[in-house]
Amino acid sequence: DQPIEIPDRPIPNILVTGTPGTGKTTTSELIAQVTGLQHVNVGAIVKAKQLHEGYLEEFDTHVLDEDKLIDELEDTMTEGGKIVDFHTCEIFPERWFDLVIVLRADTATLYDRMEKRGYNKRKIEENMECEIMQIVLENAHESYEPEIVVELQSNTVDDMESNVERVKQWLDAYRARHA
Ligand code: DAT
C-alpha cells in the first residue's frame, strides 16, 4: 500500500467507531462539548437523508448507500474540526481522519446496553459476535495508518471521562503543532 497524503488541516477530524453500544454517540457528544469540535452522527444523517440502496429482509436491515454517504459528507469533512461517529470505519476515505478511536466494551456490559436499547435477540447476538471477534478494530487497522488508530475501553463512566480527557490532550497537542 502507498501511504496516502493526509491534508494538513489546522483543525483535525476524529473518527469514533466501535460496535453499537460501545459508547460512540455519548463519548462523541462529550468530546464535542469540551473541545468545540462538531459532532457528526453518521447514523442519524443516513436515516434523515435516506441514504439507503435497499432493504435486506432476512436481516431486517437497510443497506447503506456508501457513495451517497461519502458525497453527502465530503464538504463537511474538508472543513475539518469534525468528530464523526459511526459503527463502521472502512467505508470512509482515509484522508478524512487524523485520529481514529475504536471504543471497546466487555461482553456483559455490551449485552446489558443492547438489551436496554430493545434490540432483538438476533441483533444482540450479531453485535456481540462483532465485538468478540474485534471486527471494527481489525477493520480500523486495515484501513488507517497504525499510529492514528487508538483502542479505548468504554465500560464505565470513569473510562468515558478518561477517554474524553485523552482526546482533549491529543487535540491540544495537534493545535500546538499547527499553530
Ligand atoms: P453507541 O453510539 O456506540 O451505540 P451510545 O453512546 O449510544 O453507544 O451508548 C449506549 C448506552 O451505553 C447509553 O445508554 C450510554 C451508555 N454508555 C456508553 N458508554 C458508557 C460508559 N463508558 N460508561 C457507562 N455507560 C456508557
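Each chain carries its own residue numbering, running from 1 in the direction its sequence is written. Given that this is a predicted model, residues contribute local features only at a pLDDT of at least 70 and side-chain atom pairs are listed and counted only at 80 or more, while totals for whole chains, interfaces and linings are drawn from all residues. Think of the side-chain values as coming from all heavy atoms in the structure, minus any hydrogens and water.

Q: Whenever I open this one, the side chain of Thr22 confuses me. Can you help?
A: Runs of H or I in DSSP of at least four residues are treated as helices and runs of E of at least two as strands, each being numbered from the N terminus. By the element assignment, Thr22 lies in the loop between β1 (14-17) and α1 (24-35). Relative accessibility under 20% of the residue-type maximum defines a buried residue, over 50% an exposed one, and the middle range a partly exposed one, all with a 1.4 Å probe and only protein chains included. Assessed through its relative accessible area of 0%, Thr22 is described here as buried.

Q: Honestly, the pattern of salt bridges in this entry has me stumped. Any pointers?
A: Where charged atoms from two side chains of opposite charge come close, those side chains can pair. Take a side-chain nitrogen of Lys or Arg and a carboxyl oxygen of Asp or Glu: if they are within 4 Å of each other, that pair is a salt bridge. Applying the stated criterion across every chain yields a total of eight salt bridges. A salt bridge links Glu151 to Arg104, with the nearest nitrogen and oxygen atoms 2.9 Å apart. Of this pair, Glu151 sits in strand β7 (residues 149-153) while Arg104 sits in strand β6 (residues 99-104), and the two are 47 residues apart along the sequence. We classify Glu151 as partly exposed; its relative accessible area is 38%. Note on Arg104: relative accessible area 10%, which makes it buried. Salt bridges sharing common partners tie together Arg104, Glu131 and Glu151.

Q: How do you make sense of a nonpolar patch on the surface when you look at a structure like this?
A: Here a patch means residues that are over 30% exposed by relative accessible area and free of salt bridges, tied together within 9 Å if like-charged and within 5 Å if nonpolar (Val, Leu, Ile, Met, Phe, Trp, Tyr). In these tables, accessible area is a Shrake-Rupley quantity obtained with a 1.4 Å probe, and a residue counts as shielded only by the protein chains included in the view. Together, Ile132, Met133 and Ile135 line one region of the surface with nonpolar side chains, adding up to about 290 Å² of accessible area. Since its relative accessible area comes to 56%, Ile132 is described here as exposed.

Q: What is the right way to read the site of the ligand from this model?
A: Distances are taken per atom, and a residue is near a molecule or strand as soon as one of its heavy atoms is within 4 Å of it. Gly21, Lys24, Thr25, Thr26 and Arg117 are the nearest of the 15 residues found near the ligand. The side chain of Arg113 places a nitrogen or oxygen atom 3.4 Å from an oxygen atom of the ligand. With respect to the ligand, the backbone of Thr156 contributes an N or O atom lying 2.9 Å from a nitrogen atom. Considering the ligand on its own, with 550 Å² of exposed area, one finds that the protein chains cover 75% of that surface. Elements with a contribution of two residues or more to the shell around the ligand: α1 and α7 (157-177). In terms of residues, the shell around the ligand owes the most to one element, α1, which gives three residues. The residue makeup of the shell around the ligand, split by class, is three nonpolar, nine polar and three charged. Between N or O atoms, a polar contact is any pair within 3.5 Å; within protein, one atom must be a potential hydrogen donor and the other a potential acceptor, and residues adjacent in sequence are included only when both atoms are from side chains. Basically, the charged four are Asp, Glu, Lys and Arg, the nonpolar ten are Ala, Val, Leu, Ile, Met, Phe, Trp, Tyr, Cys and Pro, and anything else, Gly included, counts as polar.

Q: Just to check I follow, could you spell out the packing of helix α4 (residues 107-116) against helix α5 (residues 121-132) for this structure?
A: When two helices pack together, their arrangement is given by the angle between the helix axes and the distance between those axes. An axis is simply a line fitted to the C-alpha atoms; with a helix, the fit covers only the stretch in contact. Between two such axes, the angle follows the N-to-C directions and lies from 0 to 180 degrees. Two elements in contact, α4 and α5, have axes separated by 10 Å at closest approach and are oriented at 150 degrees. Taken together, α4 and α5 sit at an angle that is classed as roughly antiparallel. Like other packed secondary-structure pairs, α4 and α5 cross with a definite hand, here right-handed. Taking contact as the criterion, the partners of Thr107, Leu110, Tyr111, Met114 and Glu115 in α4 are, on α5, Ile124, Asn127, Met128, Glu131 and Ile132. Looking at side-chain class alone, the contact of α4 with α5 contains six nonpolar, two polar and two charged residues. Note on terminology: angles under 35 degrees are roughly parallel, angles over 145 are roughly antiparallel, angles of 65 to 115 are roughly perpendicular, and the others are oblique. Each crossing gets its hand from how the near helix is turned against the far one by less than a right angle, where anticlockwise is left-handed and clockwise is right-handed. Every residue pair with non-hydrogen atoms within 4.5 Å of one another is taken to be in contact.

Q: Where do I start with the pairing of β1 in this structure?
A: For a regular strand, the rule is simple: side chains alternate between the two faces of the sheet. Residues Ile14 and Val16 line one face of β1 and the alternating positions Leu15 and Thr17 line the opposite face, and both faces are buried. Relative to strand β5 (residues 82-85), β1 is paired through three bridges, and the arrangement is parallel. Of the residues in β5, the one forming a bridge with Val16 is Asp85. When DSSP finds two or more bridges between two strands, those strands count as paired. Both β1 and β6 contribute to a ladder of four bridges, which runs parallel. Bridged to Leu15 within β6 is Val100.

Q: How do you make sense of the nonpolar core when you look at a structure like this?
A: A general feature of soluble globular proteins is that nonpolar side chains tend to end up buried together. Only buried Ala, Val, Leu, Ile, Met, Phe, Trp, Tyr and Cys residues count toward a nonpolar core, and they belong to the same one when joined by side-chain atoms within 4.5 Å. Of all hydrophobic cores here, the largest spans 26 residues; its most connected members are Val42, Leu69, Phe92, Phe97 and Tyr144. For this core, the secondary structure elements donating two or more residues are α2 (42-49), α3 (66-79), β6 and α6 (135-143). Looking at this core, the element that brings in the most residues is α3, giving four residues. Not counting residues up to four positions away in its chain, the partners in contact with Phe97 are Ile6, Arg9, Asn13, Ile14, Leu15, Met77, Val84, Phe92, Tyr144 and Ile148. Of all hydrophobic cores here, the second largest spans 14 residues; its members include Leu37, Ile83, Ile101 and Val150.

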